Amino acid sequence: MQSSIKTILDWYKEISLLEKVRALLDWDMNVNLPKNGSQGRGEQSSLIAQLVTERWLDKKFVAQLTNIDISALSAEEKAIVQSAKRLGKYYLRVPRELILKKASMTTNAFMIWAEAKKNNNFADFVSLLTSLVSIDKEIASYLSDGGDPYDALLDLYEPGLSGKTCKQVICSLQPTLSTFLEKIISSSVYKNKKPVTGVFTIEKQHELVHLMLKKMSYDLSSGCLHTSSHPFTTTLDRHDVRITTRYNEHDYREALTSTIHEAGHALYELGVDERYSYTPLEGGVSMAIHESQSRFWENQVGRNPAYLLHLLPFVKDILGYTIDHKSFVLQLNDVKRSFIRTEADELTYPLHIMLRFEIESELINEGASVRDLPQMWNEKMKKYLGVIPPNDREGVLQDVHWAYGAFGYFPSYALGNIYAAQFAFAMKKELNFDGLLQTGDTQPILDWLRVHIHRYGGRYLPEELIKKVTGSPLTSSHYLEYLKDKYSKIYETTL
Ligand code: ZN
């Protein structure tokens, strides 16, 4: 190993450890923190964030990373250097003053957004959002090498992703998905479906989701399950990947599906080759590939009619809920014209993302005015989902992402579903997928994911990984086929 690679790895390990300390503070804030502890926690977290920034900007480290002769490196070492450059790109390319300016601008962002949302008053959010659009445009100018500014922001969250790809694989789905939605909603099965009724105690749901974790081989000696208002996964170490869920006493689906989703993220992190721990290749390679793993478990497994046949007796037994298989499948594969992205089903989800993608690219690339956002939002909702939110709280103000200036983050959510369908297509050539699910034996499925995806961590970029695993570049055709096949059977209609 070249000595400069060793220096890079030693230095990166400190960044990685600091990031995990920050993750622990965040986890604790979401799971345990007493109300009066929030100010102190804010100061602790921002100190660690500052230390991380300083580590990235260290002159010796930057020089090593910039000047290393990659021609003399092995393929894996090259991947380490490229990944470090990618992870540090924001710090290495954007002037320090600008990074600090954005950090200070977003200090109170959550509060401003939460107030505006609570009061249903978009006008209170306009000034902050306008400043954030402007600073992100400036940041993009340092990252884009003279190219497309929005592409430069997308690349921060999903390496290699461009607006052109978003249009090809997400926006192109719209006419078909809007038609599927229409047909499903007008089907007689849809009109006669039964709503979820009854009360499901948290104790019983707790037992059910723990059973799910066991079935998925999520190892509780390398993680834990807690409760938080927004479920999430956090990696504190290669052997400590924690998840959270939330319970709704009137709807058993919330805890069940969010636990499966987060466990899907955790299994990915727990499956990365141990040799990559504390290196730039640790953890999942990108947001979209991560989301492909969580959504694979949530949708392709957890909502699969064959798997629901296996789960039904456990649900009856543990929750004391009497329901037939057909209704159970319909409840877990409900389709609706919802206003809220986080509550959207797998069929309408890409439409919510497409709307955000179009608005973001208009803001960053085409000079759209922040003041016009509510109108743009509602027009697109009407066009793609056929509904207009009754207020901005359930419309343009629903997500926190823009309050942090995270433009370019949303598309990776939708890509997760699309990647998942393409991975599943490849997996089904080798495994009797539905047969395994009917018996509840998901171990071969996990083993397949481990061998083909998880163990590589950040070794291959998303576009390399999808080709390596499936033999083709990313395409939305498998996702459309999957939706068509699944929903036409469930709703007994021709899609
Ligand atoms: Zn997720």
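### Considerations on the coordination of the zinc ion
Part 1: Around the zinc ion, the protein supplies His 261 (NE2), His 265 (NE2), Glu 291 (OE) and Glu 291 (OE) as donor atoms, at distances of 2.1 to 2.8 Å.
Part 2: Bound by 4 donor atoms, the zinc ion shows angles of 48 to 122° at the metal and therefore irregular coordination geometry.
Part 3: Positions of the donor residues of the zinc ion, expressed as sequence spacing, correspond to H-x3-H-x25-E. One end of the pair is His 261 and the other is His 265, both in helix α14 (residues 253-271) and 4 residues apart, which spans about a single turn.
Part 4: Its relative accessible area of 9% is what places His 261 among the buried residues.
Part 5: We classify His 265 as buried; its relative accessible area is 9%.

### Re the pattern of salt bridges
Part 1: In the structure shown here, the tally under the stated rule is 26 salt bridges.
Part 2: Note that Asp 240 and Arg 242 form a salt bridge whose closest N and O atoms lie 2.8 Å from each other. Here the two residues Asp 240 and Arg 242 agree in accessibility, since each one is buried.
Part 3: Members of the salt-bridge network, linked through shared partners, are Glu 76, Asp 273 and Arg 275.

### Notes on the packing of aromatic side chains
Each aromatic ring pair is described using two quantities: the centre-to-centre distance and the angle formed by the ring planes.
Part 1: Taken as a whole and assessed by the stated rule, the structure comprises 25 aromatic pairs.
Part 2: Consider the rings of Tyr 456 and Tyr 460, whose centres lie 5.1 Å apart with planes at 75°: the pair is edge-to-face.
Part 3: Following the ring pairs from residue to residue traces out a cluster consisting of Tyr 157, Trp 377, Trp 402, Phe 407, Tyr 409, Phe 410 and Tyr 413.
Part 4: A cation over a ring is seen here: Lys 13 above Tyr 278, with NZ or CZ 5.0 Å from the ring centre.
Part 5: When the ring centre of Tyr 190 is taken as origin, the NZ or CZ atom of Lys 193, which lies over that ring, is 4.3 Å away.

### So, the side chain of Ser 4
Part 1: Structurally, Ser 4 can be placed in helix α1 (residues 3-31).
Part 2: We classify Ser 4 as buried; its relative accessible area is 13%.
Part 3: For Ser 4, the contacting residues outside a window of four places in its chain are Gln 64 and Ile 68.

### Overview of unusual backbone geometry
Part 1: One non-glycine residue with positive phi stands out, namely Asn 120, at about 55°.
Part 2: On the secondary structure map, Asn 120 appears in the loop between α7 (109-118) and α8 (123-143).

Reading guide: rules and limits
Residues numbered from 1 in each chain as written. Predicted model: local features only at pLDDT ≥ 70, side-chain atom pairs only at ≥ 80, totals over all residues. Heavy atoms only, no water. Donors = N, O, S within 2.8 Å, 3.2 Å for Na, K, Ca; no water. Tetrahedral: all angles 85-135°; square planar, octahedral: opposite > 155°, others 65-115°. Helix = DSSP H or I, 4+ residues; strand = E, 2+ residues; numbered from the N terminus. Buried < 20%, exposed > 50% of the residue type's maximum accessible area, 1.4 Å probe, protein only. Salt bridge = Lys/Arg side-chain N within 4 Å of Asp/Glu carboxyl O. Phe/Tyr/Trp six-rings, centres within 6.5 Å; stacked < 30°, edge-to-face > 60°. Lys NZ or Arg CZ within 6 Å of the ring centre and 35° of its normal. Contact = heavy atoms within 4.5 Å.

In short, the description is geometric, and any link to function would need to be established separately.
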